[in-house]
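# Coordinates in review
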Amino acid sequence: MLLFSWLSSKPGNAVIYYPNRILKGLDPFEGGSRTRNPFSWIREAMSSTEQDVISISGYDTAVYFVFLSTVLGILVLSGLVLLPVLLPVAATDDNGKSAATTSNGTFSDLEKLSMGNVKSKSPRLWAFLLALYWVSFVTYYLLWKAYKHVSGLRADALMSREVVRPEQFAILVRDIPPVPEGQTRKDQVDSYFKTIHPETFYRSMVVTNNKEVNKIWKELEGYKKKLARAEAIYAKSKTTGKPEGARPTNKIGFLGLIGKKVDSIEYYNAKINEVTPKLEVEQKVTRKEKQQNSALVFFTSRVAAAAAAQSLHAHIVDKWTVTDAPEPRQLIWIHSRTIQKKPDSIVSILASSLPLNATFFLTFVALKFFVGYGLQLSRLVPLIIYHLKRKYICKTEAELKEAWFPGDLGYGTRVPGDMLIVTIVLCYSVIAPIIIPFGVVYFGLGWLILRNQALKVHVPAYESYGRMWPHMHTRILASLILYQVTMLGYFGTKIFHYAPFLIPLILLSLTFGYVCSQKFYRFFRDAALEVACRELKEAPNMEQIFRAYIPPSLSSEKIDDEDYEDALSQVSRSGSFV
């Protein structure tokens, strides 16, 4: 934290510690970020509101903080009861000589504060069983409260009259039947939806496989960047050397280390002229010959698109299936990461192995927040890389921006890491309650540091308006059920005959998940009509909405409107939707 406070106050490092604010045209040091107080950033993070997070970093980031706050609340409320109750119950028993809770078989003073120190068949085990009920009901309450709150956030976002969101006017159609003879895929899709939605259908965009055209387009863009770099070097040489300057050269062999030496500007201009016709040919081939059995269909109103996305279009349910369209910036759709294995011995394995690793996991959680969050806050690695690139590699403004551009919070890797900590702390909350403060520090420190990063550093890659929340909710609940099942087995190893009292709790968790899914989930899958029917402040530009989905590799200044009508109705934002 001290290193961050010192480094972030240097003007030359502003692009590393305040890129979000810089990209939005804001003063990076507004609000006292350059004061002598090394902890002023803490005050700024603590005083920020949810609306501040939404305006700077978007709704998805706000939902992520709801997740952090919910887990933090579960752990704090659980700890308020478990720590003062269970620690004395465990510490005052005398089972230390006959039990072991560390991986090397020793029984340290720390482990005497755990459930492993309680004798088998002891009536003290009732305290641990009731504690399990307390943790479960706290989790139910806060998860329910969070689901309602996130639903409200999503509704507010989708009902906004200020911003036109292209995905609200489109649907994604899959499983399109084979093209009838004498028709193109575009004709097939257009005629089908014009018949069903004659008043509100706008146009279609058939999905294509863009693998080859993307490859050629990236090659062309690479040559353009190298040309810009060579021209920047040449321009600089005119100011530092002879007035006529020194034209840059490069070798065209392996990695630019061997081969013939050529004039860089002339060479890259020639390569651009060579690749451009290849791209234009491949664009035409892709549009005509690489169409898939999916399409984006656009409507003239949000209500029409929302209604179409929730409707059954064909009497054969595996044909013409429809869903909400993705946001244009969502280039890749990832469908989970699920392998289910249920060997008969899973409960007994967890019950016997978890207590033996209590100390290891306590240390693991501590390491995660002491080292992991410290590196995230100080941003030492991005800082070093940026300054090295700025000095030795970057020659153009585009290269310089690419060197410091921070990217988003990376939910795909961040959330699973957080879920691992949730699972560990929940599973050990009753077995070894001393782990709860470590979990509280992890999520509390995470909330504080990531609040700073969200407001000043990271830039959202796309916006789903909280659509990830149901998945977070389900995984927290899954951690709770795993915790309950594990404790059922562990009580069995303690020969506690009242362990079956936990079975209703497991059934209650499953019921709670079902009720939440029935009450809330569909709104996160489909747009509610009462939300979509709100009038926009200005009439939407449908052509602009349509073109938001055109990938750069299929854009061409040489294509006229007639070509657009035929070709751009047959493209996708990414390679192909799965």
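Quick notes on the rules
- Residues numbered from 1 in each chain as written.
- Predicted model: local features only at pLDDT ≥ 70, side-chain atom pairs only at ≥ 80, totals over all residues.
- Heavy atoms only, no water.
- UniProt positions renumbered as here; feature names shortened; annotations may be inferred.
- Helix = DSSP H or I, 4+ residues; strand = E, 2+ residues; numbered from the N terminus.
- pLDDT = per-residue confidence, 0-100.
- Contact = heavy atoms within 4.5 Å.
- Buried < 20%, exposed > 50% of the residue type's maximum accessible area, 1.4 Å probe, protein only.
- Pairing = 2+ DSSP bridges.
- Arc of directions from axis to C-beta.
- Axes fitted to C-alpha atoms, helices over the stretch in contact; angles between N-to-C directions.
- Parallel < 35°, antiparallel > 145°, perpendicular 65-115°, else oblique.
- Nonpolar A, V, L, I, M, F, W, Y, C, P; charged D, E, K, R; others polar.
- Salt bridge = Lys/Arg side-chain N within 4 Å of Asp/Glu carboxyl O.

The chain is annotated in an unreviewed UniProt entry as CSC1/OSCA1-like 7TM region domain-containing protein from Fagus sylvatica. Reading the Subcellular location (unreviewed entry) entry of the UniProt record for the chain gives the comment "Membrane". What UniProt states about the chain under its Sequence similarities (unreviewed entry) heading is, verbatim, "Belongs to the CSC1 (TC 1.A.17) family."

### Notes on the UniProt feature "transmembrane region" (unreviewed entry) in the chain
Within this numbering scheme, the UniProt entry marks residues 62-87, 125-144, 346-371, 419-450, 476-492 and 498-516 as carrying the feature "transmembrane region" (unreviewed entry). Span residues 62-87 is 100% helix and 0% strand, its end C-alpha atoms 36 Å apart. Across residues 125-144, helical content stands at 100% and strand content at 0%; the span's end C-alpha atoms are separated by 29 Å.

### Digging into the confidence of the model for the chain
Overall, the prediction assigns the chain a mean pLDDT of 81, with 85% of residues at 70 or greater. Within the model, pLDDT remains below 50 along residues 96-103, and this stretch shows 20 contacts once partners closer than five positions in the same chain are excluded. In this model, residues 331-336 is a region of pLDDT below 50 whose contacts with residues beyond four sequence positions or in other chains number nine contacts.

### A short note on the environment of L279
Its place among the elements puts L279 in helix α10 (residues 264-289). Of the residues examined, L279 reaches a relative accessible area of 7% and is grouped as buried. Measuring from C-alpha to C-alpha, the distance between L279 and V213 comes to 6.6 Å, with 66 residues separating the pair along the chain. Contact partners of L279, with chain neighbours within four places excluded, come to V213, I216, W217, L220 and S553.

### Here we look at the pairing of strand β5 (residues 291-299)
As a general feature of sheets, a regular strand has side chains that alternate between the two faces. Both strand β1 (residues 170-174) and β5 contribute to a ladder of four bridges, which runs antiparallel. Note that in β5 the partner of I171 across the bridge is V297. Two strands pair when backbone bridges link them, and strand β2 (residues 201-208) and β5 are joined in this way by six bridges, in the antiparallel orientation. In the strand pairing of β5, F201 is matched with F299.

### Topic: helix α15 (residues 397-404)
Quick reminder: α-helices carry 3.6 residues per turn. Residues three or four places apart thus point the same way. Along α15, the residues that are buried comprise E399, A403 and W404. All buried residues of α15 project into a common sector of 125° when viewed along the axis, lining one side. Seen from the open side of α15, the exposed residues pointing more than 90 degrees away from its buried face are E397, A398 and E402. Contacts from the buried residues of α15 go to α2 (14-17), α3 (19-23), α9 (211-240) and α14 (380-392).

### Topic: unusual backbone geometry
Of note in the backbone geometry, Y465 takes a positive phi value of approximately 60° without being a glycine. Examined against the element boundaries, Y465 turns out to sit in the loop between α17 (435-456) and α18 (469-493). With a phi close to 50°, I495 is a non-glycine residue in the positive phi region. Within the fold, I495 resides in the loop between α18 and α19 (503-525).

### As for the packing of helix α7 (residues 125-158) against α19
Here α7 crosses α19 at 5°, and the two axes come no closer than 11 Å. Accordingly, the angle class assigned to the pair α7 and α19 is roughly parallel. Residues belonging to the contact of α7 with α19 are distributed by class as follows: 20 nonpolar, three polar and three charged.

### Some remarks on the pattern of salt bridges
Inspection of the entire model under this criterion finds 13 salt bridges. A salt bridge links R229 to E399; its shortest N-O distance comes to 3.3 Å. Taking the relative accessible area as the measure of exposure, E399 reaches 18% and is therefore buried. Residue R525 pairs with D526 through a salt bridge whose shortest N-O separation is 3.0 Å.

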